[in-house]
Amino acid sequence: KASRQAEKRGWHLYLVGGAVRDLLLADRQKQVLLEDIDLVVDGFHKSADVGAGVELAKALQTIYAGGRLEVHGQFQTAALLWHKNPDLGSLWIDIATARTEFYPYPAANPEVEASSIRQDLYRRDFTINALAMRLTNPRVGELLDFFGGLLDLQSQQIRVLHANSFIEDPTRIYRAVRFAVRLGFEIEPQTESYIRYAIASGIYEQIQGKNGRAPALETRLKSELKYILQAPYWKPALQLLANLEALRCIHPSLELDENLWWQVRLFDRCLQKFDPQKTLEHWQMRLEVLIAYLAPEFRGKVANNLQLSADSIERLQNLDKAETNITKTLSALELKSEIVQLMRQYNLPTLILIAVKTSRPIRQKIWRYLTEWNYIKTPLNGNDLKALGYKPGKQFKEILDTLLTATLDGKIDNRESAEAFIAE
Ligand code: CTP
């Protein structure tokens with residue numbers, strides 16, 4: 001339907017980017033589910049057509065009754081979002097207008113058309129993402145492959161289109177890693193050398209806002225980190241990022257040495273155990289372990305720059321204080337009840353962040369608190385106390401607290417001893 005709308009107006013429409021790549025990679029026997037579709041409109045010759053992408057999006061919105069429409073930039077790009085449309089399912093469609101010069105000849109002029117779609121594709125990250133499939137007549141279904149993307153798809157290579165690609169957009173380093181690990185491709189050697197050059201030339205300073213703040217870059221880095229750290233392949237991706245020294249984009253001093261790698265994996269096992277329902281944002285927690293490995297004075301700033309959630313920033317800012325308090329206080333505590341009281345001041349994420357980086361004896365105590373001591377129940381609960389004639393109130397709470405302390409410290413272990421303890 002989008003093609004018909006474009007043809008009616010004398011425009012060309014192309015499917016571009018990830019959708020073309022995924023269609024070409026897909027098993028021919030299986031249906032491909034596209035949730036994110038990028039389209040480019042092109043081939044017009046009147047400057048009035050500059051809003052073609054938006055016009056087409058509006059037409060589709062009318063045809064498919066609904067969908068949320070967002071317009072970005074100077075009327076150049078439109079995004080349409082459907083949640084569970086009966087025909088379309090959940091679908092994002094981005095429609096961009098190819099940047100084009102206006103020529104005084106008909107739209108069908110193939111040179112004009114080819115030059116603007118080519119230009120649009122040339123601005124993209126990798127050859128495998130710079131393929132286009134024509135959706136309009138004539139030659140509907142034709143693949144436009146100006147940069148050897150098809151060959152790279154076949155030989156499984158992640159290759160940039162030009163030497164400056166990573167300098168122009170350092171977040172592409174993370175994208176290269178993401179695609180390489182996700183698709184099982186290799187980062188082509190020349191492309192790898194461009195990555196290493198970009199890192200060695202201090203490109204990460206751009207992201208960290210040293211040359212004037214660059215919030216857009218930080219936002220993009222955050223979304224690439226999220227993509228990677230929530231994917232099933234996050235471990236090999238992290239290793240590849242480290243191997244390319246790309247973790248410096250998070251902070252110049254960040255290195256995935258053996259100790260950090262051990263911490264990251266232990267932390268992940270803790271997350272699986274203590275938060276199987278995934279109520280915490282696991283990708284963000286993984287990022288927190290990396291940031292927690294930095295010297296305390298950098299943690300809050302890095303978390304802030306990456307625009308992590310407020311509680312995550314606060315946790316990282318206060319982690320050093322919490323760790324020092326736990327380490328110092330614990331060594332002087334002998335009673336289980338005192339240890340529980342200390343631990344209860346901190347939430348689960350803070351405790352596991354500290355557990356993975358601290359010494360073994362302290363880790364063991366945190367572990368026992370999280371697995372056992374935190375769940376110890378008193379032999380008498382609130383209802384039992386009511387049945388014994390106690391009225392809810394301040395004293396009631398004190399009795400419950402005292403019972404818990406006595407239980408934790410092994411002074412009582414059944415109803416009789418608990419009742420005798422209260423009477424005393
Ligand atoms: N793109 C780019 N440089 C970036 C981000 C995106 O050139 N830093 C281009 C690529 O051509 C990419 C397209 O924009 O194919 C769409 O971006 P995105 O949706 O992020 O990537 P996809 O390739 O669709 O990947 P995925 O399947 O993971 O969504």
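Below or above, wherever it landed, is the structure these notes cover. The structure presented is a predicted model; accordingly, all values stated were derived computationally and were not measured.

1. Side note on the site of the ligand
Around the ligand sit 16 residues in total, of which Arg 21, Asp 125, Asp 169, Arg 178 and Arg 182 are the nearest. Between an oxygen atom of the ligand and a main-chain N or O atom of Asp 125, the distance comes to 2.7 Å. Considering the ligand on its own, with 570 Å² of exposed area, one finds that the protein chains cover 79% of that surface. Of all the elements in the fold, those that place two or more residues in the shell around the ligand are helix H2 (18-25), strand S2 (36-42) and helix H7 (171-183). Considering every element that reaches the shell around the ligand, the biggest residue donor is H7, with five residues.

2. Digging into the packing of H7 against helix H11 (residues 234-243)
Following both chains from N to C, one finds H7 and H11 inclined at 135 degrees, their axes separated by 9 Å at the closest point. As the angle between them shows, H7 and H11 are arranged oblique. As for how H7 packs across H11, the hand of that crossing is right-handed. Note on element contacts: H11 touches H7 through Pro 236, Ala 237, Leu 240 and Leu 241, opposite Tyr 174, Val 177, Ala 180 and Val 181. When grouped by side-chain class, the residues that make up the contact of H7 with H11 number eight nonpolar, no polar and no charged.

3. What to know about the nonpolar core
Counting residues in hydrophobic clusters, the biggest one holds 106 residues, and the most contacted among them are Tyr 174, Ile 250 and Leu 287. Considering each element in turn, this core owes the most residues, eight residues, to helix H12 (residues 258-274). Not counting residues up to four positions away in its chain, the partners in contact with Leu 287 are Leu 225, Leu 229, Ile 250, Leu 306 and Leu 308. Membership of the second largest hydrophobic core comes to 12 residues, among which are Tyr 14, Val 40, Ile 117 and Ala 130.

What counts, and where the lines are drawn
- All chains use their own residue numbering, which begins from 1 and follows the written sequence.
- This being a predicted model, a pLDDT of at least 70 is required before a residue's local features are given, and a value of 80 or more before pairs of side-chain atoms are given or counted; all residues contribute to the totals for chains, interfaces and linings.
- Side-chain metrics in this entry use all non-hydrogen atoms of the structure; hydrogen atoms and water are not considered.
- Whether a residue is near a molecule or strand depends on its heavy atoms: it is near if one of them lies within 4 Å of it.
- Nitrogen and oxygen atoms within 3.5 Å of one another constitute a polar contact, given that in protein one can donate a hydrogen and the other can accept it, and given that sequence-neighbouring residues count only through two side-chain atoms.
- Surface accessibility follows the Shrake-Rupley procedure with a 1.4 Å probe radius. Residue values consider only the protein chains on display as shielding.
- Numbered from the N terminus, helices here are DSSP runs of H or I no shorter than four residues, and strands are runs of E no shorter than two.
- For helices, the fitted line uses only the C-alpha atoms of the stretch in contact; every axis is such a line through C-alpha atoms, and the angle between N-to-C directions lies from 0 to 180 degrees.
- Each angle gets one of four labels, with under 35 degrees taken as roughly parallel, over 145 as roughly antiparallel, 65 to 115 as roughly perpendicular, and the rest as oblique.
- Should the near helix be turned counterclockwise from the far one by less than a right angle, the crossing is left-handed, whereas a clockwise turn marks it as right-handed.
- We call two residues in contact whenever any of their non-hydrogen atoms come within 4.5 Å of each other.
- Residues were grouped as follows: Ala, Val, Leu, Ile, Met, Phe, Trp, Tyr, Cys and Pro as nonpolar; Asp, Glu, Lys and Arg as charged; and all remaining residues, including Gly, as polar.
- Here, the term nonpolar core denotes a set of buried Ala, Val, Leu, Ile, Met, Phe, Trp, Tyr and Cys residues that are joined through side-chain atoms within 4.5 Å.
- Relative accessibility under 20% of the residue-type maximum defines a buried residue, over 50% an exposed one, and the middle range a partly exposed one, all with a 1.4 Å probe and only protein chains included.

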